[in-house]
Amino acid sequence: MRVFKILALFMAIALLLISSPDFISAQDEDAEYDDAAYEALLEKGKEYYNARCEACHGADGDGKGFVDIIRVSEKNGRVLEIYPRDFTVGVYKFRSTATGCLPDDKDLMGTVKRGITKSLMPPQDNISSEETEAVVEYVKSFSERYEEEDPCDQISVADPPVWVASEKSIEKGKKIYKDMKCWECHGDLGKGDGPKSNDITDDWGKRLLPFNFVTGELKRGSTAENVYMTFTAGLDGTGMPSYQDTLNEEDRWHLVSYTLKLMGLTESDKKTASH
Ligand code: HEC
Ligand code: HEC
């Protein structure tokens, strides 16, 4: 804690120096405005982060907060941990951008607001849009990737076709699930117990199990669009690949039908799409 305090003091002094009138007058006017606005946003983000996120994600964003391991469980004789993310790596699961890309700001804002209940990250119900923007900007500042790379284009998702979750589409999706080898990790019946399921280590060096569709509630939210986006963009850092180049749009929606069936969500879908 002491080290952090000294560091914070150092940063505060550095900030004061940078924003002193002499320093600013040396820069051109646009840059002066942008830099000051950005620093103010970061400062706001830091304030929110320190109050709501630091306990888990750590003052330096390295995932080593006060609660560095949230929950430990055991499955098949292996230890599984739920642990906060290290932001310094700059790798994100819940993106709407191609695999290997940085997420769009909207992806991060969505995650922050929604929380990841399955991973025990709380939702931020009363956060304002300005605070959301600020805290996301602060989270991004922990990783050098943001200085080096630009975010990629967003993958667009159309409204689900009316036939999603119909018997016929589920049958087609079942075949795609088999052909695309989702079962190698997720298991024949989607219980997360495929032949590769016991050997997955994530990019942060921890063991991770594939999603169990049967008891499943998606980490990013369980709508048809979210399932579609998950296997289209992939879950970077988890070994779960992107199928953006290997499945056409129609087949993707059939696959959504089948996974919704595995998740027991087709009945309600049928009702909303009734015709
Ligand atoms: C109780 C602990 C806890 C708190 C508090 C918390 N988080 Fe998290 N956060 C987690 C865990 C655990 C993960 C990893 C989830 C996973 O990979 O399944 C995570 C992951 C994330 C991710 C990565 C999502 C992705 O796409 O990979 C972001 C961004 C994030 N948190 C932002 C925040 C922000 C901002 C706050 C404060 C407003 C916050 N978190 C508060 C536990 C927490
Ligand atoms: C190499 C192993 C592997 C393959 C192949 C694989 N997945 Fe996954 N998948 C995973 C892992 C691991 C997770 C869990 C990630 C986590 O919890 O952070 C996951 C999670 C998911 C999730 C839940 C995401 C969330 O938000 O919780 C869905 C949906 C999913 N996979 C669908 C599929 C589909 C459909 C296919 C085939 C087209 C597929 N996966 C192929 C490993 C795999």
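Overview of the structure. (Residues numbered from 1 in each chain as written. Chains lettered and ligands numbered in written order. Predicted model: local features only at pLDDT ≥ 70, side-chain atom pairs only at ≥ 80, totals over all residues.)

With that out of the way, let us pick up the packing of helix 10 (residues 224-233) against helix 11 (residues 249-262). How two helices sit against one another is set out by the angle between their axes and by the gap between those axes. The N-to-C vectors of helix 10 and helix 11 enclose an angle of 115 degrees; their axes lie 9 Å apart at closest approach. Seen from above, helix 10 lies across helix 11 with right-handed handedness. On helix 11, the residues that touch Ala-224, Val-227, Tyr-228, Phe-231 and Thr-232 of helix 10 are Arg-252, Leu-255, Val-256, Thr-259 and Leu-260. The class makeup of the residues in the contact of helix 10 with helix 11 is seven nonpolar, two polar and one charged. (Axes fitted to C-alpha atoms, helices over the stretch in contact; angles between N-to-C directions. Helix = DSSP H or I, 4+ residues; strand = E, 2+ residues; numbered from the N terminus. Left-handed = near helix turned anticlockwise from the far one by under 90°. Contact = placed C-beta atoms within 7 Å. Nonpolar A, V, L, I, M, F, W, Y, C, P; charged D, E, K, R; others polar.)

Around ligand 1 lies a shell of 26 residues, among which Cys-53, Cys-56, Lys-93, Ser-119 and Met-121 are the nearest. Mapped onto the shell around ligand 1, the elements with two or more residues apiece are helix 4 (54-57), helix 5 (105-114) and helix 6 (129-140). For the shell around ligand 1, the class distribution of residues is 18 nonpolar, four polar and four charged. (Near = placed C-beta within 6 Å.)

Counting 20 residues, the largest nonpolar core has Ala-224 and Val-256 as its most contacted members. Residues within four places of Val-256 in sequence aside, it is in contact with Pro-160, Val-164, Gly-173, Ala-224, Val-227 and Tyr-228. Counting residues in each nonpolar core, the second largest holds 11 residues, with Cys-53, Val-112, Val-135 and Val-136 among its members. (Core = buried A, V, L, I, M, F, W, Y, C linked by C-beta atoms within 7 Å. Buried ≥ 20, exposed ≤ 12 C-beta atoms within 10 Å, placed from the backbone.)

Right, let's talk about unusual backbone geometry for a bit. Phi is positive for Leu-120, close to 65 degrees, though the residue is something other than glycine. Tracing the backbone shows Leu-120 in the loop between helix 5 and helix 6.

In this section: the pairing of strand 2 (residues 78-82). By the bridge criterion, five bridges tie strand 1 (residues 71-75) to strand 2 in an arrangement that is antiparallel. From the neighbouring strand, Ser-73 faces strand 2, where its bridge partner is Leu-80. Adjacent in sequence and paired antiparallel, strand 1 and strand 2 are bridged by two residues, among which Asn-76 carries a positive phi angle near 50 degrees. (Pairing = 2+ DSSP bridges.)

The subject of this paragraph is the site of ligand 2. Contacts to ligand 2 come from 26 residues, most closely from Cys-182, Cys-185, Phe-211, Lys-219 and Met-240. Looking at the shell around ligand 2, the elements that each hand over two or more residues are helix 9 (183-186), helix 10 and helix 11. Looking at the shell around ligand 2, its residues break down into 15 nonpolar, five polar and six charged.

Every buried residue of helix 5 is listed here: Asp-107, Leu-108, Thr-111 and Val-112. On an axial view of helix 5, the arc spanned by its buried residues comes to 130 degrees, and they lie on one face. Looking at the residues trailing helix 5, positive phi occurs at Gly-115, about 70 degrees. (Arc of directions from axis to C-beta.)

Shape is all these values report; function is a separate question.
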